[in-house]
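# Fold and geometry: a report
The residues making up each chain are set out below.
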Amino acid sequence: MTRTVGIVGGGPGGLTLARVLATRGIAATVFELDEHPLARPQGGSLDLHGDSGLRALREAGLEAEFKAVARYDDQGDAIYDAQGTLHFQHNEESGGDRPEIDRTQLRSLLLASLPSERIRWGSKVSAVEPLSDGRYRVVGPEGSLGEFDLVVGADGAWSRIRPLVSQETPAFTGVLFIELQIDDVDTRHPEVAKLLPHGKISVVGNNQGLIAQRSSHGHVRVYFMFRVSEEQLRQGLVDVSSPARAREQLKALLPGWAPSLLAFIDASNDTLAARPIIALPVGHRWTHRPGVTLLGDAAHVMPPFSGEGVNMAMLDGLELALALSSDSDWSRAVKGYEEAMFERAAGAAEGAMQGLDFVSEHALEHVMEHFREIQQQAAGAGAH
């Protein structure tokens, strides 16, 4: 009898799982809340890592499609302090091992690799119900969406599937991002573009920070970062509903910052968002339940500083697909996947949580020590 997989969530992790399963002859249906692929912004640029995100694309047979759109010349990095002094610079214009791709582009190439009938757009999943035969029914507001041998929660930080295996929920880490966007930076804002020759820059202040990163077509995502209390979060740090007011409020929150850095605020368009940084506990795990599992942020949402989130999600999708395709006992296969995922996700989450030091009283010392360690490791590797 043909066995089936229901995947709740059509992000990179869920789509990687569906694609690799398809190449192994296993049917999967993806339930996605969005009405269509461009229903909402998908986020900024992602750097894919060789042993996780890039490996997943190779195993999925999509390496050529990735290389056609990836940006190998946007891997540079620079660190400034709030007064505009440069403390570190690394120019990786080509040949680096963490090429960039826009999140929308990554999702598009994964979607293009799947038959259109495998994606159920506009599907709101309200419940997942166990059946007497050990399978599960995915339920929407108007009734059953399908019955499956395995249901995978790939539905992000606030997963509707997670409560089937775990009672943990993400907690606020104390860091708030205010996201801004800049259009056509090279033509319309050349003074800002000079600070972003290739890749991204980071600015370290006292319990404040900035990350600005290039995407394709001259687009830039800018994240101002602040340490805030739960009460400040509830009240709202800036009024993102009024772009002009929000820009003035942001500048008022950054006394002493260099005008060259505040220029990122003036150059931004009217698309602003407040993004509280949340995380599940480091080492989050659950007791195996046959017929249900999680991947990506549903399993291990973590702060974004290390860039591991999408890479871990894609590796989860790959490893789960390989386990299911190589073992006829799916419960055993999923349990093995979970145990391995718990271990690697705990390590990645611990590193990501350390990134919160980027927004602290002694942030510059923390950040520079981190980069010195990276340089020492690279020098040691080169010596061998």
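See the structure above.
Keep in mind it's a predicted model, so treat the numbers as computed, not measured.

## What to know about the pattern of salt bridges
Taken as a whole, this structure holds 24 salt bridges when the rule is applied. Among the ionic pairs, Arg214 bridges to Asp186, the shortest N-O distance being 2.8 Å. One end of the pair, Arg214, is in strand 14 (residues 208-214); the other, Asp186, is in helix 5 (residues 185-188), with 28 residues separating them in the sequence. Looking at Asp186, the relative accessible area reads 42%, which means it is partly exposed. One salt-bridge network, in which partners are shared between bridges, spans Glu129, Arg135, Arg137, Glu147 and Asp149.

## Observations concerning the sheet that holds strand 17 (residues 292-294)
Two modes of strand pairing occur in sheets, parallel and antiparallel, and in both the strands are linked by backbone hydrogen bonds. If you walk across this open sheet you meet the 5 strands as 7-2-1-11-17, and the pairing is parallel. Edge positions in the sheet fall to strand 7 (119-121) and strand 17, since each of these pairs with one other strand and no more. Direction aside, the axes of adjacent strands within the sheet are offset by 20 degrees on average. Across 3 bridges, strand 11 (residues 150-153) lies against strand 17 in parallel orientation.

## Observations regarding the environment of Val125
Relative to the helices and strands, Val125 resides in the loop between strand 7 and strand 8 (127-130). With relative accessibility at 7%, the residue Val125 sits in the buried group. In sequence terms Val125 and Ala345 are 220 residues apart; their C-alpha atoms lie 26 Å from each other. Once you skip the residues sitting within four places of it in the chain, Val125 turns out to touch Val8, Phe31, Val138, Val139, Leu145, Arg160 and Ile161.

## A closer look at the sheet that holds strand 8
Across the sheet, 3 strands lie side by side as 8-9-10; this open sheet has antiparallel pairing. On the outer flanks of this sheet lie strand 8 and strand 10 (143-148), each paired with one strand and no other. In this sheet, adjacent strand axes meet at a mean angle of 25 degrees when their direction is disregarded. Relative to strand 10, strand 9 (residues 136-140) is paired through 5 bridges, and the arrangement is antiparallel. The partner of Tyr136 across the bridge, within strand 10, is Phe148.

## Notes on the pairing of strand 1 (residues 4-8)
The two faces of a sheet get side chains in turn, since along a regular strand they alternate between them. The buried fraction of strand 1 amounts to 5 of the 5 residues, a majority that puts the element mostly inside the structure. Side chains of strand 1 alternate between two faces, with Thr4, Gly6 and Val8 and Val5 and Ile7 buried alike. The pairing of strand 1 with strand 2 (residues 27-32) spans 5 bridges and is parallel. Across the sheet, Gly6 pairs through a bridge with Thr29, a residue of strand 2. Note that the unit made of strand 1, helix 1 (residues 12-23) and strand 2 has a crossover that is right-handed. Direction of pairing for strand 1 relative to strand 11: parallel, over a ladder of 4 bridges. The residue bridging Ile7 from the neighbouring strand is Val152, located in strand 11.

Scoring rules and cut-offs
Residues numbered from 1 in each chain as written. Predicted model: local features only at pLDDT ≥ 70, side-chain atom pairs only at ≥ 80, totals over all residues. Heavy atoms only, no water. Salt bridge = Lys/Arg side-chain N within 4 Å of Asp/Glu carboxyl O. Helix = DSSP H or I, 4+ residues; strand = E, 2+ residues; numbered from the N terminus. Buried < 20%, exposed > 50% of the residue type's maximum accessible area, 1.4 Å probe, protein only. Pairing = 2+ DSSP bridges. Axes fitted to C-alpha atoms, helices over the stretch in contact; angles between N-to-C directions. Contact = heavy atoms within 4.5 Å. Right-handed = clockwise from strand over helix to strand, strands pointing away.

Function cannot be read off these values alone, since they describe shape.
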